[in-house]
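If you want the building blocks of each chain, they are given just below.
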Amino acid sequence: MATTCWADEDCPLGLSSPTQKPFTISRPLTRTNSLEQSNTESTRKGKEERMKPQKMDGKSKPGVPYGGMTDTWVKKHRLIYIGATRHPFILSIRDGTVDLPAFKRWLGQDYIFVRAFVPFVASVLIRAYEKGDESSGDMEVILSGLGSLNDEIAWFKQEASKWGVDLSQVAPEKPTQHYCRFLEELMRPEVDYTVAMAAFWAIEAVYQESFAHCLEEGSKTPPELKEACQRWGNDGFGHYCSSLRNIADRLLEKAASGSMPLVKVSEDVVSKAEVTFLRVLEYEVDFWNMSCGTAGHSAPKP
Ligand SMILES: Cc1ncc(CN)c(N)n1
């Protein structure tokens, strides 16, 4: 296997040259820079957009909802979204040039992440329960995700033994620590259900889009890595992500329409959810960079 972890010609960021760095974010987004300026505008634009008749843009896939707030964000923050879902690490799996030590590093670190992800998902489930909206079906969707994390942890153990990775000896790297701390922050009681749900969807969607790309026609994913790609790239996981997205969109729509008691509070929720979405993308990019062994941007986000 070649020992490169760089993009192929499919990389929409044009990171095909081995002299270029993988996608990093040079200026961490904070509530006081780019988003702060565009929040009011984005909320207003979001409302206008939803009122327009929706049309397929050629990038939307059947069964994948579009036209909600999350769709607006994906379009508005397309560059970093692509950075997270078409990262050189993923592209190297897809073109068969993945560096084995990089894959093993990803495996060990992702095991640590997934263990931390379980209590986060459980906390979202509790919030859904506390909402008391039984007819929404949110709890069923979240519960199914929580259940499948049990399988996921078992899979990581099995895969680790296949590749000779001793999980008990894997220490969390900085990007993993920061991402896990972020999950813990999202579990705090003051974090709104809408914000937590937007993060939950984004975390799952990045993996779904990334690994599904490795299974598309024309990909040269090595057979021994196909199972890993199937785990997140299969259609069932795609539908699950669509369900999470529908929940997030419904909650965001409700917040944006001011049907919450205080309009200001609702707008804050939408803004915070958008900032959280961006932070997830940043953490995902950092995580991929670390997996490649090129982590250069691992400071905790403000
Ligand atoms: C870093 C990361 N992001 C997302 C997933 C998908 N649950 C994951 N396993 N690891």
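These numbers come from a predicted model, not from an experiment.

Trainee: Just to check I follow, could you spell out the overall build of the protein chain for this structure?
Mentor: Summing up its helical and strand segments, the protein chain has 11 helices and zero strands in all. Along the protein chain, helices (α) and strands (β) appear in the sequence α-α-α-α-α-α-α-α-α-α-α when read from the amino end. The 302 residues of the protein chain split such that 54% are buried. Of the contacts made within the protein chain by residues no fewer than 6 positions apart, 82% connect residues no fewer than 24 positions apart. Entry remark: accessible area of the protein chain is about 13800 Å², with carbon and sulfur atoms responsible for 54%.

Trainee: Looking at this structure, how should I read the nonpolar core?
Mentor: Looking at soluble globular proteins, one finds that nonpolar side chains tend to be buried together. Among the nonpolar cores identified, the biggest contains 83 residues, and Trp106, Phe120, Met197 and Phe200 are the most heavily contacted of them. Those residues in contact with Phe200 that lie beyond four places of it in its chain are Phe117, Phe120, Val121, Val124, Ile142, Tyr240 and Leu244.

Trainee: I'm lost on the site of the ligand in this one. Help?
Mentor: Neighbouring residues of the ligand: Asp110, Phe113, Val114, Phe117, Glu152, Tyr179, Ile203, Glu204, Tyr207, Trp232, Glu284 and Phe287. The contact in question runs from a nitrogen atom of the ligand to an N or O atom on the side chain of Glu284, over 2.7 Å. Taking 290 Å² as the accessible area of the ligand by itself, protein coverage stands at 100%. At the level of secondary structure, the elements contributing two or more residues to the shell around the ligand comprise α5 (100-131), α8 (193-213) and α11 (263-292).

Trainee: What am I meant to see in the packing of aromatic side chains here?
Mentor: Given two aromatic rings, one states the distance between the centres and the angle between the planes to describe the pair. On inspection of all chains with the given rule, the structure shows 30 aromatic pairs. Plain terms: the ring middles of Tyr207 and Trp232 are 5.2 Å apart, the flat faces sit at 90° to each other, and that makes the pair edge-to-face. In this pair, Tyr207 sits in helix α8 while Trp232 sits in helix α9 (residues 223-233), placing the two residues 25 residues apart along the sequence. Here a set of aromatic residues connected by ring pairs shows up, and it is made of Phe89, Phe103, Trp106, Tyr111, Trp155, Phe156, Trp163, Tyr207, Phe211, Trp232 and Trp288.

Trainee: Looking at this structure, how should I read the packing of α8 against α9?
Mentor: When two helices pack together, their arrangement is given by the angle between the helix axes and by the axis-to-axis distance. Contact pair α8 / α9: the axes reach a minimum separation of 7 Å and the direction vectors enclose 135°. It follows from the interaxial angle that α8 and α9 lie oblique. Crossing of α8 against α9: the hand is left-handed. Residue-level inspection shows Tyr207, Gln208, Phe211 and Ala212 of α8 in contact with α9, the latter providing Ala228, Cys229, Trp232 and Gly233.

Trainee: It is not clear to me how the side chain of Arg127 should be interpreted in this structure. Could you clarify?
Mentor: Along the chain, the position of Arg127 falls in helix α5. Although Arg127 is buried, it makes no salt bridge; Glu130 carries the closest opposite charge, 6.1 Å away. Among all residues touching Arg127, those that are not within four sequence positions of it are Leu186, Met187, Arg188, Pro189, Val191, Asp192, Tyr193 and Ala196.

Trainee: In this structure, what is going on with the side chain of Thr176? I would like to understand it.
Mentor: Locating Thr176 in the fold gives a position in helix α7 (residues 174-186). Ignoring anything within four residues of it in the chain, the contact list for Thr176 reads Gln109, Ile112, Phe113, Phe287 and Met290.

Trainee: Just to check I follow, could you spell out the pattern of salt bridges for this structure?
Mentor: Once their charged atoms are close, side chains differing in charge can pair, the charge on each being opposite to the other. A complete count under the given rule lists seven salt bridges for this structure. The salt bridge partner of Arg279 is Glu185, with a shortest N-O separation of 3.8 Å. Of this pair, Arg279 sits in helix α11 while Glu185 sits in helix α7, placing them 94 residues apart in sequence. Note on Arg279: relative accessible area 7%, which makes it buried. Under the relative-accessibility criterion, Glu185 is labelled partly exposed at 28%. Taken together, the shared-partner salt bridges in this structure form one network comprising Asp71, Lys75 and Arg245.

Trainee: Sorry if this is basic, but what is going on with helix α10 (residues 235-256) here?
Mentor: Owing to its 3.6 residues per turn, the α-helix aligns residues three or four sequence positions apart on the same side. In this model α10 runs 31 Å from its N-terminal to its C-terminal C-alpha over 22 residues, within 8% of the 32 Å that 1.5 Å per residue would give. The first or second residue beyond α10 is Gly258, which carries a positive phi of 75°.

Trainee: How should the environment of Ala202 be read in this particular structure?
Mentor: In this structure, Ala202 sits in helix α8. A residue is classified by how much of its surface remains accessible, and Ala202, at 2% relative accessible area, is buried. C-alpha of Ala202 to C-alpha of Arg245: the two residues are 43 residues apart in sequence and 8.2 Å apart in space. Not counting chain neighbours up to four residues away, the residues in contact with Ala202 comprise Phe277 and Val280.

Trainee: Sorry, what's going on with the confidence of the model for the protein chain here?
Mentor: The predicted coordinates should not be examined in detail at positions where pLDDT is low. Residues at a pLDDT of 70 or more form 73% of the protein chain, whose mean pLDDT is 81. Here residues 1-60 is modelled with pLDDT under 50, and outside its nearest four sequence neighbours on either side it reaches 105 contacts, counting other chains as well. Listed scores for the predicted complex are pTM 0.79 and ipTM 0.99.

Quick notes on the rules
- Residues numbered from 1 in each chain as written.
- Predicted model: local features only at pLDDT ≥ 70, side-chain atom pairs only at ≥ 80, totals over all residues.
- Heavy atoms only, no water.
- Helix = DSSP H or I, 4+ residues; strand = E, 2+ residues; numbered from the N terminus.
- Buried < 20%, exposed > 50% of the residue type's maximum accessible area, 1.4 Å probe, protein only.
- Contact = heavy atoms within 4.5 Å.
- Areas by Shrake-Rupley, 256 points an atom, 1.4 Å probe, with all protein chains shown as cover.
- Core = buried A, V, L, I, M, F, W, Y, C linked by side-chain atoms within 4.5 Å.
- Near = heavy atom within 4 Å.
- Polar contact = N/O pair within 3.5 Å; in protein donor to acceptor, adjacent residues only side chain to side chain.
- Phe/Tyr/Trp six-rings, centres within 6.5 Å; stacked < 30°, edge-to-face > 60°.
- Axes fitted to C-alpha atoms, helices over the stretch in contact; angles between N-to-C directions.
- Parallel < 35°, antiparallel > 145°, perpendicular 65-115°, else oblique.
- Left-handed = near helix turned anticlockwise from the far one by under 90°.
- Lys, Arg positive; Asp, Glu negative; His and termini not counted.
- Salt bridge = Lys/Arg side-chain N within 4 Å of Asp/Glu carboxyl O.
- Expected span 1.5 Å × (residues − 1).
- pLDDT = per-residue confidence, 0-100.

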